[in-house]
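# Chain and residue survey
Listed here are the chains, written in short residue letters.
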Amino acid sequence: MQEKILVLDFGGQYNQLIARRVREHHVYGEIKPYNKISPQQIAREGYRGIILTGGPNSVYEPDAPRCDAALFDLGIPVLGICYGAQLMAYLTGGEIKSAKHASEYGKTALSVRSGPLFAGVPRESVCWMSHTDYIAAVPPGFSVAATTDNCPCAAMADESRRLYGVQFHPEVAHTEYGMTVLHNFIIGICGCRGLWTMEDFITRSVAKYRRELGGKKVLLALSGGVDSSVAAALLARAIGRDLTCVFVDHGLLRKGEGDFVEQTFRDRFGVNFIRVNAQQRFLEKLAGVTEPERKRKIIGEEFIRVFEAEAKKLGRVQVLAQGTIYPDVVESGRGDSATIKSHHNVGGLPAVMDFEQIAEPLADLFKDEVRQVGAQLGLPRALVYRQPFPGPGLAVRVIGEITREKLDLLREADAIFREETEAAGDLPSQYFAVLTDLRSVGVKGDARTYGYTVALRAVTTDDFMTATWTRLPYEVLERASSRITNELGQVTRVVYDITSKPPATVEWE
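Residues numbered from 1 in each chain as written. Predicted model: local features only at pLDDT ≥ 70, side-chain atom pairs only at ≥ 80, totals over all residues. Heavy atoms only, no water.

### Here we look at the environment of V306
Inclusion rule: Segments assigned H or I by DSSP are reported as helices when at least four residues long, segments assigned E as strands when at least two residues long, and all are numbered from the N terminus. Throughout, a contact is declared for two residues whenever any of their heavy atoms are within 4.5 Å.
Within the element layout of this structure, V306 appears in helix α9 (residues 292-314). For V306 and H26, which are 280 residues apart along the polypeptide, the C-alpha to C-alpha distance reads 39 Å. Excluding its chain neighbours within four sequence positions, the residues that come into contact with V306 are V248, V276, A278, R281 and F282.

Written out as structure tokens, the structure is:
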């Protein structure tokens, strides 16, 4: 049986990151909403351990999300993180309080005591805190395992039942020994051996889709980006010529992108490939629309309608396949998690479609895992490590109303910035230009101008759930700014976005 750790989701925004950290130990981390799986189901599924995630609520509120207390009597090791630790304490007889003096946000000095959860962790280290409520009294059978200056119980443990709670966030990079704590829980306490790999994922996925989709006609929504390209390669291995890749050129692509996608897949991979020119159709639907969520939903629905039309031309196509990945799902809202933004292929899907089935072979993977799968499938490095690009394309990088003029302007500005960034080497994880809706006064040729402001954005990340703004050399920014303002007469100002994620997202809309 596959080794699995259940990540029980209570609505925090780092929940996908917890699952990713589990997978870094080559153990499959599976996320389930707290109210969608019972203790009996958990026992039947054979999970080796359970992690209770953080969340925005207070456990003592009447409508706070809570799991069944029977969870702690299954004999399965449990680790509660932040809200999860408070909930564990609350449901097993401890006391939770809210007090301003106990609030902690950011890097905090942590003092730990002995115990298997903290094996290899120095007595004094730094952790990442984000809480107002705290465990005022540990439940019967528990002991305090760590403290901070303001938190009397930064960690607790009931060794006999293998129940553990930490007030801090071990999953974030800011916690110095967070990975050690997670390793101790996953490998040491839960007894996992770390057998899950991308090779294993490919083998299982090919078998799964060969079994489920065999004999069916499948249309893959191919954007040409990393995710849909890897999904295409994976499904091609499973079902071969029953797969048709449809590339919708919606007019929201980067400079030269449509031709690159067509040449790559038609000429190099030889798959069933159809390019649909739908630029005018999308522009008409987006005319006058300024609200970001409406843009995404309009684009999501139009994609489906184009795919439906193409499917009818092909005959009976039962399945729509997409390159949806885990961050798409979590940011579009799942369970009690907050909706950050609707992705065109998740929250933007219309309620009624002509397809009988949706196949999303990468929906459980993070971006770095998707790249690993692509490399294992033999896709060229230039494609596997290609610059990420959102499904709605430049529509979410043009702030305000979308017009052909704005798109053309942004395409050129973006191409200049990418060219200058790539020439410098040591590339960020993602880098692009945004055409803001802000106009400002400038001077060109001794004459007054009044033009657009272009924002440049570059981030460094390994999971795209969190990201740090990239410290690009001033010389790169200077060259990009000079070229954009000189070569594009409608731009009078260039700014650089120095906001990390969170609080911002990678994209502006």
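From this point, things continue past the structure.
### With respect to the side chain of E302
Rules: We call two N or O atoms a polar contact when they sit within 3.5 Å, provided that within protein one can donate a hydrogen and the other can accept it, with sequence-adjacent residues counted only if both atoms are side-chain atoms.
Position of E302 relative to the elements: it lies in helix α9. Here R281 takes part through its side chain, which lies 2.8 Å from a polar atom of the side chain of E302. For E302, the residues in contact, after removing those within four places along its chain, are R281, F282 and K285.

### As for unusual backbone geometry
With an omega of -15°, the peptide bond between K501 and P502 qualifies as cis. That bond from P502 to P503 is cis: its omega, 10°, falls within 30 degrees of zero. By secondary structure assignment, the location of P503 is in the segment after β20 (491-496). The phi dihedral of H26 falls on the positive side, at around 60°, and the residue is not glycine. Tracing the chain through its elements places H26 in the loop between α1 (15-23) and β2 (28-33). At D426, a position not held by glycine, the phi torsion is positive, near 50°. Note that D426 resides in the loop between α13 (404-424) and β17 (430-444).

### Observations regarding the nonpolar core
For soluble globular proteins, the rule of thumb is that nonpolar side chains tend to be buried together. Condition: Here, nonpolar core refers to any group of buried Ala, Val, Leu, Ile, Met, Phe, Trp, Tyr and Cys residues whose side-chain atoms link them within 4.5 Å. Accessible area is worked out with a 1.4 Å probe on protein chains only. A residue is then buried under 20% of its type maximum, exposed over 50%, and partly exposed in between.
One finds F201, L220, F307, L362 and L456 to be the most contacted residues of the largest nonpolar core, which totals 86 residues. Those residues in contact with F307 that lie beyond four places of it in its chain are L219, A221, V246, V248, L320 and F355. Grouped together as the second largest cluster of nonpolar side chains are 36 residues, V27, C82, L117 and A145 included.

### What to know about the packing of aromatic side chains
Between two aromatic rings, the relevant description is the distance of the centres plus the angle of the planes. Here is the rule we go by: Paired rings are identified among Phe, Tyr and Trp, the last through its six-membered ring, by centres lying within 6.5 Å, and are further divided according to the angle between planes into stacked (under 30 degrees), edge-to-face (over 60) and tilted (the rest). Counting as a charge over the ring demands two things of the Lys NZ or Arg CZ atom: a distance within 6 Å of the ring centre and an angle within 35 degrees of the ring normal.
This structure, assessed with the given rule, holds eight aromatic pairs. Members of the aromatic cluster, joined through ring pairs, are F10, Y34 and Y83. The ring of Y209 is capped by K208, whose NZ or CZ atom sits 5.3 Å from the centre of that ring. Above the plane of the ring of Y452 lies R439, whose end atom (NZ or CZ) is 3.9 Å from the centre.

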